[in-house]
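The lines below spell out each chain.
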Amino acid sequence: MFARTALRTSVAAARPASARLFSQSSAAQRAVAVLGASGGIGQPLSLLLKLNPDVTDLRLYDIRLAPGVGADISHVNTPAKTTGYAPEELEKALEGAEVILIPAGVPRKPGMTRDDLFNTNASIVRDLAKAAAKVSPKAHILVISNPVNSTVPIVAEVFKKAGVYDPKRLFGVTTLDVTRASTFLSGIAGSHPAETKVPVIGGHSGVTIVPLLSQAAQSSSVNPGEQYEKLVHRIQFGGDEVVKAKDGAGSATLSMAYAAAVFAESLIKALNGAKGIKECTFVESPLFKDVAPFFASPVELGPEGVENIPALPSLTEEEQKLLDACLPDLQKNISKGVKWVAENP
Ligand code: NAD
Ligand code: LMR
């Protein structure tokens, strides 16, 4: 049995250095809700949030098992008050929530694309967004449910319709792409993953995932041509690797829970006033707004959520080609979400 501080140290050491996981508590603390808390992502994510000293009030909601998951996690001896809510208690779970993470929805099976999840997950996300817009309209919403390229615009449209949309407070969680890029590049470069930072822009599926390997300090370790192309492909299709290995039992859950906990930690620290926090995330963005009004890129986070979306660094010829391939798909995915909500309000 190892001490909690040892667990914290080991998790923090494995974390890209920009914001260390669960390093210290900030002054203000936060009420956080997880919708889909009993699932493959929801359970480990809820546990990681319970370990975050900035989370004081943790609400776990699902259409099944959440009171049990809540009772279990509530016995962990960290300060966050933890409650599991029954299926009919969604609004109660959302009252006063300041950060809402949404991993509710079905995962892929081998042979499926993320877009194949649209028909099931669109209505799940729409309904949860409606409840959030009604009960906690000022909350920061972190969407994990796939297809993220479409579910984020769905949440935006629901909030617009309710008259409470604030683009600074809506995020598609793409941290897993950054996590994979860091892991895979460090495997080639022989570097420590924490020191291997690769911004990943675009969206969250296949060719819409665009790693900017040229921005990594280790970029020269990757040979141009085949090695570069294989690495890009592995980052773009890392999700498929897990779906195949799980052989019908779902997609990435543990690495995703870690990635979402990292993003939530950064956001909460920024909300609490920490300076200089930047994470890649899929947000309403001016960068390519006429083609893709939502776009993932490194975003500066602040007390209101999105603080600034810096211009992209200059891209290599290969990265420009990847971006050119990304934008048409991303445009279709975004339009699909917007159109669907208009037809299915
Ligand atoms: P899962 O099936 O294990 O869990 C999903 C949970 O959602 C279940 O517990 C289910 O009961 C719950 N749920 C369903 N409808 C609900 C509703 N209306 N309200 C509340 N809860 C509801 O699936 P998972 O592996 O945890 O994956 C969840 C989603 O996350 C999938 O869509 C998956 O594709 C996506 N995902 C995204 C990323 C990313 O990088 N953004 C990474 C991995 C998985
Ligand atoms: C991932 O990137 O692992 C997730 O989006 C899940 C999936 O379907 O691949």
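Only a predicted model underlies this, so the values are computations on that prediction, with no experimental measurement involved. (Residues numbered from 1 in each chain as written. Chains lettered and ligands numbered in written order. Predicted model: local features only at pLDDT ≥ 70, side-chain atom pairs only at ≥ 80, totals over all residues. Heavy atoms only, no water.)

Draft legend 1. Spatial organisation of the site of ligand 1. For ligand 1, the set of nearby residues contains 29 residues, the closest of which are G40, I41, D62, V106 and N146. Between ligand 1 and the protein, one listed contact pairs an oxygen atom with a side-chain N or O atom of N146 at 2.9 Å. Its free accessible area being 870 Å², ligand 1 has 88% of it covered by the protein chains. Judged by the proximity of its atoms to the pocket grid, ligand 1 belongs to the largest pocket. Element by element, the count of residues in the shell around ligand 1 is highest for helix 5 (residues 118-135), at three residues. The residue inventory of the shell around ligand 1, partitioned by class, reads 16 nonpolar, eleven polar and two charged. (Near = heavy atom within 4 Å. Polar contact = N/O pair within 3.5 Å; in protein donor to acceptor, adjacent residues only side chain to side chain. Areas by Shrake-Rupley, 256 points an atom, 1.4 Å probe, with all protein chains shown as cover. 1 Å grid on protein atoms, 1.4 Å probe; cavity = no way out; pocket = protein on both sides within 12 Å on 5 of 7 lines; lining within 4 Å. Sits in = over half its atoms within 2 Å of the grid points. Helix = DSSP H or I, 4+ residues; strand = E, 2+ residues; numbered from the N terminus. Nonpolar A, V, L, I, M, F, W, Y, C, P; charged D, E, K, R; others polar.)

Draft legend 2. Up close: the site of ligand 2. Residues in close proximity to ligand 2 include R108, R114, N146, L176, R180, H204, G239, S251 and A252, which together make up its full environment. In the environment of ligand 2, an oxygen atom lies 2.8 Å from a nitrogen or oxygen atom belonging to the side chain of N146. Within the contact set of ligand 2, an oxygen atom lies 2.7 Å away from a side-chain nitrogen or oxygen of R180. Here ligand 2 has 260 Å² of accessible area as a free molecule, and 96% of this is covered by the chains. Judged by the proximity of its atoms to the pocket grid, ligand 2 belongs to the largest pocket. Looking at the shell around ligand 2 residue by residue, the class counts come to two nonpolar, four polar and three charged.

Draft legend 3. Expanded view of the pattern of salt bridges. Tallied over the full model, the rule gives 15 salt bridges. A salt bridge links R59 to D57; its shortest N-O distance comes to 3.0 Å. Grouping residues by exposure puts R59 and D57 together as buried. Here K92 and E89 are joined by a salt bridge, their closest N and O atoms 3.5 Å apart. The network of salt bridges with shared partners includes D166, R169 and E304. (Salt bridge = Lys/Arg side-chain N within 4 Å of Asp/Glu carboxyl O. Buried < 20%, exposed > 50% of the residue type's maximum accessible area, 1.4 Å probe, protein only.)

Draft legend 4. Structural context of the pairing of strand 3 (residues 81-85). Here five bridges tie strand 2 (residues 55-61) to strand 3, and the two strands are oriented parallel to one another. Opposite R59, over in strand 3, you have T83 as the bridge partner. (Pairing = 2+ DSSP bridges.)

Draft legend 5. Representation of the UniProt feature "binding site: substrate" (unreviewed entry) in the chain in the model. Following the UniProt record, the feature "binding site: substrate" (unreviewed entry) maps to R108, R114, N146 and R180 here. Lining residues of the largest pocket drawn from the annotated list: R108, R114, N146 and R180. You can see N146 is positioned in the loop between strand 5 (140-143) and helix 6 (148-161). Taking the relative accessible area as the measure of exposure, N146 reaches 18% and is therefore buried. In contact with N146, other than residues within four places in its own chain, are R114, L117, N121, T151 and H204. Residue placement: R180 occurs in helix 7 (residues 175-189). A residue is classified by how much of its surface remains accessible, and R180, at 8% relative accessible area, is buried. (UniProt positions renumbered as here; feature names shortened; annotations may be inferred. Contact = heavy atoms within 4.5 Å.)

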